[in-house]
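Each chain, letter by letter, is given below.
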Amino acid sequence: MKFFQRLGRSLMLPVAVLPVAAILSGIGYWITSASGGESNVVAVFFSAAGGALLDNMPVLFAIGVAIGMASKADGTAALAGLVSWLTVTTLLSPDNVAKFRGIAEVADVDPAFTKVENVFVGIICGLIGAYAYDKFKDTKLPDALSFFSGRRSVAIVTAGMSLVVALALFVIWPLVYTGLVLFGEFIVTQGPIGAGIYGFLNRMLIPLGLHHALNSVFWFDVAGINDLVNFQTGEGTRGVTGQYMTGFFPVMMFGLPGAALAMYTTALTARKKIAAGILLSGAVSSFFVGVTEPLEFAFMFLAPGLYVVHALFMGISMAVSAMLPVRMGFGFSGGFIDLVLGWVNPMAQNPWAIPVMGVFWFVVYFLTFRFIILKFRLKTPGREDAADLAEGGDGAEGSAAAGGFLGTGAAFLAALGGPKNIVDLENCATRLRMELADVSVIDEPALKRAGAAGVMKPGGTSVQVIYGLNVQFVKDAMDDLIAGRVEAPSAPVEADDAPAAAEAAPGAGFLTEIVRLRQPLAGRIVALEDVPDATFAGGIMGPGLAIEPASGEVVAPAAGTVAHVFDTGHAVALQLDDGTEVLIHVGIDTVQMKGAGFTTHVAAGQRVEAGDPLITADLDAIRAAGHPTITPVIALNRKGSHLELV
């Protein structure tokens, strides 16, 4: 899945060229229209410039994907993508295919090879270039061939790999092309219903980043539809061309902003200001340039059911637009700018109807989203915890945090004997788990000064450094430092918010009181020191108790917000309304199960009440894997206090 998500992001690089092509072609059409429909030198100039990009989109995809999918955005990868494209398309050109198969007339060659210069093949060539770059950029050849070592070998290897791929495509491409054509023809034969199916699938594939592959069938010349290019060049069929683009305009310009307004009006009063910042920028982006991801990603994971409703509405909009005598196209997306640029396009038909439909969709989205959000209490922006609204953002706060973790990671590496001493590095809920080449070189005081709450040595070359809930970010920083992707700060900064800082001043910043919580699992309560793990038993992470569970149903011990849900599902951290941070860790060493046997019911940022389900654990699976099921419940920021479970 990560591969496909990364591919989706890589495809955005060549797609980003489309606005330029749209602007150039749009200016050409406006000038032609102002001249009474007659072309002049200026109009031809702009139209030809836009066509230069549109006609070579497959090449741009080959280069863009090669850069985006390579481990590093290097020009060598781009060159490799171009080499692959030239090799594959030249070998599979109709003239050469006719020679390979001994066909006298080029016109008798399988028509699939007349369409081999398409975006689909461009993506394949880009992937070949990226793979060759990653695998061979550091290749060292014998001295006699040293000129071709390193990056110079990439293009050579790419050409060789492309020969093999061309041979495979020689057999496979006619079958793939036939399948694409049949799918496209099926959709075409379905008329407006087919356009609706396409619109629905287009939105549903966005979370996977695969909607671009589907778009290439309808917008480009993969299956002979070529809706986008035909519209921009004015070479399509009026009344037909544009039917796979028109329906996007009412939803992107009006529908999604209506959804944004619904989410704003349903946001909690205390969260409206933050929600407005997120939703307003997303609505403006959607309206003006048709970039919908900022809005869609704001609710697709928080409220997936709501996103399905959005996809259905998109399908209906596409079907209705195809049914009406309304046609419009875009060079980038269905926003206001593309609508204005395409207004006088010869393929445009009744563009005035798009704003009229848009008003309808604004009302539908607003009323529907508002009703569903309130009815099912969905955690859309402004209805979840504030701490996670900016999670993953690029603001100053996130940058500062990233820099802090980099400094901590650098200090940890130095205290552990340097990157070369790290044989294996992983993390669980609160600690780094490592295998070291030499355990004797560890500087434990330096680790604690850098932010470690404690250091464990289970035996042999294994070492565990206890840090806290943000251990994942420290581990990622250490990975980057070890791989050389980033440089260590000139003077690694000791963590100023580290757990160890509190150790230096006993009781500082912590409450000394009894913390009473609802028991999160059914079972027998035992003392924390009975937990067969020195980190928990020693109270290093904070005071707590443990439960020998009779059931695998984990519920919230009090009202609060989910601070973190670990990827493996074996632990969850909560920030309660009184500020207490609670960690519930199901079983011991269960991180090694890699999620097997665990089902999570909440997500980070979600509001929970006492008794709400958090995790379901298969206790039999935990025992079968050889792990104790005893579950520590820790009050992370209440050192000096006493925890009671009732």
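What you see as residue numbers is a count from 1 along each chain, following the sequence as written. Whole-chain, interface and lining totals are the exception, using all residues; otherwise, since this is a predicted model, local features are given only for residues with pLDDT of at least 70 and side-chain atom pairs are given and counted only at 80 or more. Working from all heavy atoms in the structure, the side-chain values ignore hydrogens and water.

## What about the confidence of the model for the chain?
Overall, the predicted model of the chain reaches an average pLDDT of 81, with 85% of residues at or above 70. The lowest-confidence element of the chain is helix α21 (residues 499-504), averaging 37 in pLDDT; the highest-confidence one is helix α12 (residues 248-265), averaging 96. Confidence drops under a pLDDT of 50 for residues 385-403, and excluding neighbours within four residues, the segment shows 16 contacts in the predicted structure. Looking at any residue, its pLDDT shows the predictor's confidence there, from 0 to 100. The contact definition used throughout considers only heavy atoms, calling two residues in contact when any of these lie within 4.5 Å. Confidence drops under pLDDT 50 across residues 492-512; counting only partners more than four residues distant or on other chains, this segment forms 31 contacts. Numbering of helices and strands runs from the N terminus, with a helix taken as a DSSP run of H or I at least four residues long and a strand as a DSSP run of E at least two residues long.

## Details of the environment of Ile 442
In this structure, Ile 442 sits in the loop between β2 (431-436) and α19 (444-449). On a C-alpha basis, the gap between Ile 442 and Asn 421 in space is 9.8 Å, while along the polypeptide they are 21 residues apart.

## Description of the packing of helix α15 (residues 304-323) against helix α17 (residues 353-376)
Convention adopted: a line fitted to C-alpha atoms gives each axis, helices being fitted over their contacting stretch, and angles between N-to-C directions are expressed from 0 to 180 degrees. Two elements in contact, α15 and α17, have axes separated by 11 Å at closest approach and are oriented at 160°. Between α15 and α17, the angle is such that the two are roughly antiparallel. In the crossing of α15 with α17, the sense of the turn from one axis to the other is right-handed. The residues of α17 that touch α15, namely those facing Leu 306, Val 309, His 310, Phe 313, Met 314, Ile 316, Ser 317 and Ser 321, are Met 357, Trp 361, Val 364, Tyr 365, Thr 368, Phe 369, Ile 372 and Ile 373. Throughout this entry, Asp, Glu, Lys and Arg are counted as charged residues, while Ala, Val, Leu, Ile, Met, Phe, Trp, Tyr, Cys and Pro are counted as nonpolar. The remaining residues, Gly among them, count as polar. When its residues are assigned to classes, the contact of α15 with α17 shows 12 nonpolar, 4 polar and no charged. Between 65 and 115 degrees an angle is taken as roughly perpendicular, under 35 as roughly parallel, over 145 as roughly antiparallel, and anywhere else as oblique. Here a crossing is called left-handed whenever its near helix is offset anticlockwise from the far helix by less than a right angle, and right-handed whenever the offset is clockwise.

## Some words on the environment of Gly 418
Inspection of the secondary structure assignment puts Gly 418 in the loop between α18 (396-415) and β1 (422-427). Between the C-alpha atoms of Gly 418 and Ile 442, which are 24 residues apart in sequence, the distance is 9.7 Å.

## Brief notes about the packing of aromatic side chains
Any Phe, Tyr or Trp ring, taking Trp's six-membered ring, that has another such ring centre within 6.5 Å forms a pair; planes under 30 degrees apart are called stacked, those over 60 apart edge-to-face, and the others tilted. Under the counting rule described, the total for this entry stands at 23 aromatic pairs. Clustering of aromatic rings is evident, with ring pairs tying together Tyr 198, Phe 218, Trp 219, Tyr 244, Phe 248, Phe 249 and Phe 330. Its end group placed over the ring of Tyr 264, Lys 272 keeps NZ or CZ at 4.8 Å from the ring centre. Sitting over a ring, as applied to charges here, requires NZ of Lys or CZ of Arg to be within 6 Å of the ring centre and within 35 degrees of the ring normal.

## Notes on the nonpolar core
One recurring pattern in soluble globular proteins is that nonpolar side chains are buried together. Side-chain atoms within 4.5 Å link the members of a nonpolar core, which is a set of buried Ala, Val, Leu, Ile, Met, Phe, Trp, Tyr and Cys residues. With a 1.4 Å probe rolled over the protein chains alone, any residue whose accessible area is under 20% of its type maximum counts as buried; one over 50% counts as exposed, and the rest are partly exposed. Judged by nonpolar contacts, the single largest core of 72 residues is most densely connected at Phe 218 and Trp 219. In terms of nonpolar packing, the next biggest core, distinct from the first, is built from 28 residues, Leu 521, Leu 574, Met 593 and Leu 645 among them.

## A closer look at the pairing of strand β4 (residues 462-466)
Two faces, one strand: in a regular strand the side chains alternate between the faces of the sheet. In terms of burial, β4 is largely enclosed, as 4 of its 5 residues are buried. Between any two strands, at least two bridges found by DSSP are needed for them to pair. Bridging between β2 and β4 involves 5 bridges; their strand directions are antiparallel. Note on β4: the bridge partner recorded for Arg 431 is Ile 466. As judged from the 4 bridges shared by strand β3 (residues 454-459) and β4, these two strands associate in the antiparallel manner. From the neighbouring strand, Met 456 faces β4, where its bridge partner is Gln 464.

## Notes on unusual backbone geometry
Positive phi outside glycine occurs at Arg 377, with the angle close to 50°. Among the secondary structure elements, Arg 377 is positioned in the loop between α17 and α18. Located in the positive-phi region is Asp 589, a residue other than glycine, with phi close to 60°. Within the secondary structure, Asp 589 is located in the loop between β11 (581-585) and β12 (598-600). Residue Asp 589 is classed as partly exposed on the basis of its relative accessible area, which comes to 24%.

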